[in-house]
Each structure stands twice: as C-alpha cells, then as structure tokens.
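What the coordinates show
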Amino acid sequence: ILDHQIKILNTGRIVAGKGHIDMINACEILHDNGINFILNIVGDGDNTYVEKIKNHAKNMSYSDKITFHGYQSNIPKYLNENDIFLFPSYGEGLSNSFTEALSYGLVCLSYDNTSFSEFTDLGFHTHLAENNDQYSLAKQLLKIAKNLEDEKNKSMKNIKKAPKIFSYE
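Since we're looking at a predicted model, the values are computed, not measured. Residue positions within a chain follow its written sequence, with the count starting from 1. Under the rules for a predicted model, residues below a pLDDT of 70 receive no local features and side-chain atom pairs below 80 are neither given nor counted, while totals for whole chains, interfaces and linings still include all residues. Hydrogens and waters are ignored; side-chain quantities use all the structure's heavy atoms.

1. Quick word on unusual backbone geometry
Most peptide bonds take the trans configuration, and most residues that are not glycine carry a negative phi. Even without being glycine, T114 reaches a positive phi, approximately 30°. Turning to its location among the elements, T114 is positioned in the loop between β5 (107-111) and α6 (116-121). Of note in the backbone geometry, N132 takes a positive phi value of approximately 55° without being a glycine. Structurally, the position occupied by N132 is in the loop between β6 (127-129) and α7 (134-146). Here a helix means four or more residues in a row that DSSP labels H or I, a strand means two or more in a row labelled E, and each is numbered from the N terminus.

Shown next, in the form of structure tokens:
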C-alpha cells in the first residue's frame, strides 16, 4: 500500500504494564495489510522481562520488523526519525514519554485510560484505543498508517501547542 517504511516508536522502561506485548501484537494488522513498517523499541528494564518481550517478538512472522535498541540517552534522535508513537500502557500518571512524542509531532496512539484522554481535552491531536483492547489498538494503528500524511500534518500542530501547556520544569 505504501512505498516508504512507516517508523513506529516506543520509548520508556520495558516493564509489565507498559503494553509491549499489545504493541507487538497490534503490528500484525500492518503486516497482514502489506504495510511496510518498523517498530523501534527504545528502553530497558529487568533482564528477565526484557527477554520475555524479545522472545515474544521473535515468534512473530514479522519479527524482522521489530528492533530493540536498549537504553539510549539521545531520545530526541528517535523522536525525530519516527512517524508514530505507540504507547499502549495500562495506566500512567502524566507520561513524560507520551508528552515528548506529542511535542515532537509524532502521531500518538495509546489506550484510553488514566491521563491519556486529558491530552485530547487539552486540544492535542492524538488517538485513543479502547482500554486494554488489542483489537481496537490494532484497528487504530491501521487507520493511522493508511492516512499517515494527513495524520502527521494534524500532529504537527502539537509542536506549537506543547510549549504553551508544558514547561521543562
């Protein structure tokens, strides 16, 4: 469907509750629809849990599309190089990772729980899947991928909005 590769990013700790299995599973819909993508996972965590997530990824038919980058200190580099921020956390306070992705103009997708709907209430362009519903997450991801240029244009408005709402303090 698309000639260029869609770059999907997740940053943060790799721990239970951050939705890494859901995220990996959601990408199956892209693979099944012939969409060229890569899922970039940046972060580390408990080695046992990280290995569990990596093993899950290795068992997918699109495992070659999933890259684990480990801990990285230069997160802006990844935010500048990706199109979509996929963050299916099971619940957060105000997520720094999500806030950063919004402020860099990535098309952001999360579950509709805890604070994520507040970003929409603040006027940010973002997408919310039904809470803990992997099928809803996958459908939203496919919709974004199929309309990526339009979605990126809408998300660019977040760059100007972010400094007015969030401060570095």
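2. What about the environment of Y78?
Its place among the elements puts Y78 in helix α4 (residues 75-81). Think of it in three bands: residues with accessible area under 20% of the maximum for their type are buried, residues over 50% are exposed, and the middle band is partly exposed, with areas taken using a 1.4 Å probe on protein chains only. Taking the relative accessible area as the measure of exposure, Y78 reaches 8% and is therefore buried. Along the backbone, Y78 and I41 are 37 residues apart, and their C-alpha atoms lie at a distance of 9.8 Å.

3. Here we look at the nonpolar core
Buried Ala, Val, Leu, Ile, Met, Phe, Trp, Tyr and Cys residues form a nonpolar core when they are joined through side-chain atoms within 4.5 Å. In this structure, I6, I8, I24, L30, L39, I84 and L141 are the most contacted members of the largest nonpolar core, which totals 33 residues. Only β1 (6-11), α1 (20-26), α2 (28-32), β2 (37-42), α3 (47-58), β4 (84-87), β5 and α7 provide two or more residues apiece to this core. Per-element accounting of this core gives the leading share, six residues, to α7. In this view, L39 contacts I8, M23, I24, C27, K65, I66 and T67; residues no more than four positions away in its chain are not counted. By size, the runner-up hydrophobic cluster in this structure holds 17 residues, among which are I75, F98, L102 and F119. Residues are treated as being in contact if the distance between any of their heavy atoms lies within 4.5 Å.

4. Overview of the packing of aromatic side chains
Working definition: rings of Phe, Tyr and Trp (its six-membered ring) pair if their centres are within 6.5 Å, and the pair is stacked with planes under 30 degrees apart, edge-to-face with planes over 60 apart, and tilted otherwise. A complete count under the given rule lists nine aromatic pairs for this structure. On the numbers, 5.5 Å between centres and 20° between planes, the contact of F85 with F87 is stacked. The exposure class assigned to F85 is buried, which follows from its relative accessible area of 0%. Owing to a relative accessible area of 3%, F87 belongs among the buried residues under this scheme. An aromatic cluster is present here, built from F85, F87, F98, F116, F119 and F124 joined pairwise through their rings. K77 extends its terminal NZ or CZ atom over the ring of Y78, reaching a point 4.7 Å from the ring centre. Counting as a charge over the ring demands two things of the Lys NZ or Arg CZ atom: a distance within 6 Å of the ring centre and an angle within 35 degrees of the ring normal.

5. As for the pairing of β1
Within β1, five of the six residues are buried, which leaves the element mostly enclosed by the surrounding structure. Bridge count for β1 against β4 is two bridges, and the pairing is parallel. Residue pairing across strands places L9 opposite F85, the latter belonging to β4. Two strands qualify as a pair provided that DSSP identifies no fewer than 2 bridges between them.

6. A short note on the side chain of H125
Within the secondary structure, H125 is located in the loop between α6 and β6. Polar contact is the term for a pair of N or O atoms within 3.5 Å; when the atoms are in protein, one must be able to donate a hydrogen and the other to accept it, and sequence-neighboring residues count only if both atoms are side-chain atoms. Polar contacts involving the side chain of H125 include one to the side chain of E151, which spans 2.6 Å. Discounting chain neighbours no more than four positions away, the residues touching H125 are L102, E151, K154, S155 and N158.

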